[in-house]
Amino acid sequence: MSVERLSVASAAEKISGYLSRDTLRPYFVIADDATMAEAFKKCFNGFEQIDVSNFFVGDDLLDADRLVDRLNAVENGAFVFGLGEYIYRTGRENILRALQDRNFNGKIIFVCRGIANVLERLADDDRKFLANNICRLEGKFEGNFMPVVEIPRHDANGGAKPPPRKTDAAFEFFDDVDRSER
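Residues numbered from 1 in each chain as written. Predicted model: local features only at pLDDT ≥ 70, side-chain atom pairs only at ≥ 80, totals over all residues. Heavy atoms only, no water.

## Description of the confidence of the model for the protein chain
Per-residue confidence for the protein chain averages 76 on the pLDDT scale, and 74% of its residues sit at or above 70. Per-element averaging of pLDDT across the protein chain places helix α2 (residues 34-41) at the bottom with 71 and helix α3 (residues 64-72) at the top with 96. Throughout residues 141-148 the model reports pLDDT below 50, and contacts reaching past four residues in sequence, or to other chains, amount to 13 contacts. Long-range and interchain partners of residues 154-182, a stretch whose pLDDT sits below 50, account for 58 contacts in this model, where long-range means more than four residues apart. (pLDDT = per-residue confidence, 0-100. Helix = DSSP H or I, 4+ residues; strand = E, 2+ residues; numbered from the N terminus. Contact = heavy atoms within 4.5 Å.)

## Some words on the packing of aromatic side chains
With the rule as written, the count across this model stands at 6 aromatic pairs. Ring geometry for Y18 and Y27: centres 5.1 Å apart, planes at 50 degrees, overall tilted. Each member of the pair, Y18 as well as Y27, carries the same accessibility label: buried. Judged by centre distance (5.8 Å) and plane angle (35 degrees), the rings of F79 and F81 are tilted. Grouping residues by exposure puts F79 and F81 together as buried. Across the ring face of Y18, the terminal group of K107 is positioned such that the distance to the ring centre comes to 4.6 Å. (Phe/Tyr/Trp six-rings, centres within 6.5 Å; stacked < 30°, edge-to-face > 60°. Buried < 20%, exposed > 50% of the residue type's maximum accessible area, 1.4 Å probe, protein only. Lys NZ or Arg CZ within 6 Å of the ring centre and 35° of its normal.)

The following block contains the structure:
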């Protein structure tokens, strides 16, 4: 079985289902095209945006503990960008399994570029992950229809919370990487 390939609108609908479920495991979106990823990101106004490159120690070493601490601090939801590029550049795939199996305090969506084959292999090994926590954006984004998904927000007393602050999003991260070598 392979990862479900969806349009931006269909992926947003599928992730709406993920957001309404009582799960603390992250969701993974394979977005091989930066334009598709940017279009997809716009469907989820109010999600924090976290860039993996903010957690580097030196040029190629990810401080996974700091990243996990930051992800655990997310109260509602966050997009995480740059994980795919990091894995593509370094070959350090072991972090995926650790993140896939981890429970976080909020809804975490990893938007990954450049590692579709790695994520598909991971999904093939875990049918529940394949069915519930991963999809792949496909097709060409025309910009005609842009669904907006409301993100549930609640404080400890069930009241509404202000939107989370946004951090820098990165899609220029590793854009200059020569992918012909792999």
